[in-house]
Amino acid sequence: MASGPASPAIEPFELYAIRYAHHAPRKQHENFINGDLHEEGSPLDYFVWVARRGTQVFLIDTGFGPEAATARGRQHFRMPAEGLKLLGIDPEQVADVILTHLHFDHCENADAFPRARVMVHWREVEMLECLLQAQGPQLTGEITRHYEVVHPQYLRLIEGRLAAHRDHYRALLADRGRLCLIEGDLDPTAAIAVRETSGHTPGHVSVLVHGALWIAGDAVTSEQEWRQGEQSLPQLCWRLADYHRSRARIAGTPGLVLPGHGDLFQAVTAGPAAAAV
């Protein structure tokens, strides 16, 4: 019996991690609270990620610029938009930006991609709007009210970035013609899946590509932190239980993980147990 016509092959997305900044030396306990106080080999890298298929481009996160790098003592290699140009991508032609969350190192350059719709979870917008209304001691109180875990260094960081870029954040939130507010999971294409991974922040999302590779954002900051499993205690966390549930969700789809601040690794059972979902 003759078989029917074969299904057309799905053209895969090419994936690129653009490293734009670096911080070293850095001790393990600076990355998570229960880290080794004496271990000094825990540098942080800062990335944006590109998924490209033909002329279709998704940019995941937009990073920060040299001003923030100087303020934070980071080495800044290039503006993320310059990294796209090295790939032959015109930043002004990028149509889709996905923000994993609204912390400064993931969103401050959104205005470098003026024609893109910006996909971000509505809970991220809600919390940022609340924080932007507060200043001084009131802002400190709002941050500690929202975050279940917040190390003093991150408390100062959030206060500082909101003070320095208040107008930038307000402009981003005011441009509702660009914002595409996510609620629940979202599938912009059959191969690009935006999945809720709250915990680090209330509306954190990660991107699952071809069902096999996670662009995790800060749901997973590094392989070293991932291997801590349920013992991991981040220095900044909206809800710890949600954080571990989201990591379990990632572990439940075995494959590759691009963490927010480290190298690609294979997610295996050494991570959080999928049964914890």
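Just so it is clear, the model here is predicted, and its values are computed rather than measured.

Draft legend 1. Focus on the pattern of salt bridges. Evaluation of the coordinates by the stated rule reveals 14 salt bridges. D45 is the partner of R19 in a salt bridge, and the nearest nitrogen-oxygen pair spans 2.8 Å. You can see R19 sitting in strand β1 (residues 14-23) and its partner D45 sitting in strand β2 (residues 44-53), a full 26 residues away along the chain. Accessibility expressed as a relative area gives 13% for D45, which makes it buried. Note that R227 is salt-bridged to E223, the shortest N-O span being 3.0 Å. A relative accessible area of 31% places R227 in the partly exposed class. Members of the salt-bridge network, linked through shared partners, are D185, D187, R195 and R249.

Draft legend 2. Representation of the pairing of β2. Of all ten residues that make up β2, ten are buried, and the element is covered over most of its length. Going residue by residue along β2, you find L44, Y46, V48, V50 and R52 tucked away on one face and D45, F47, W49, A51 and R53 tucked away on the opposite face as well. Strand direction decides the pairing type here: β1 and β2, joined by nine bridges, are antiparallel. When the bridges of β2 are listed, I18 appears paired with V48. Bridge count between β2 and strand β3 (residues 56-60): five bridges; the pairing is antiparallel. Paired with R52 across the two strands is V57, which belongs to β3. With antiparallel pairing between neighbouring strands as the criterion, β2 and β3 make up a hairpin whose turn holds two residues, including G54 at a positive phi of roughly 65 degrees.

Draft legend 3. Summary view of the packing of helix α4 (residues 122-132) against helix α5 (residues 137-146). Where α4 meets α5, the axes come as close as 9 Å, and the angle between the chain directions of the two elements is 155 degrees. Considering the angle they form, α4 stands roughly antiparallel to α5. Between α4 and α5, the contacting residues are M127, C130 and L131 on the first element and L139, E142, I143, R145 and H146 on the second. Among the residues making up the contact of α4 with α5, the classes are represented as five nonpolar, one polar and two charged.

Rules of the game
Residues numbered from 1 in each chain as written. Predicted model: local features only at pLDDT ≥ 70, side-chain atom pairs only at ≥ 80, totals over all residues. Heavy atoms only, no water. Salt bridge = Lys/Arg side-chain N within 4 Å of Asp/Glu carboxyl O. Helix = DSSP H or I, 4+ residues; strand = E, 2+ residues; numbered from the N terminus. Buried < 20%, exposed > 50% of the residue type's maximum accessible area, 1.4 Å probe, protein only. Pairing = 2+ DSSP bridges. Axes fitted to C-alpha atoms, helices over the stretch in contact; angles between N-to-C directions. Parallel < 35°, antiparallel > 145°, perpendicular 65-115°, else oblique. Contact = heavy atoms within 4.5 Å. Nonpolar A, V, L, I, M, F, W, Y, C, P; charged D, E, K, R; others polar.

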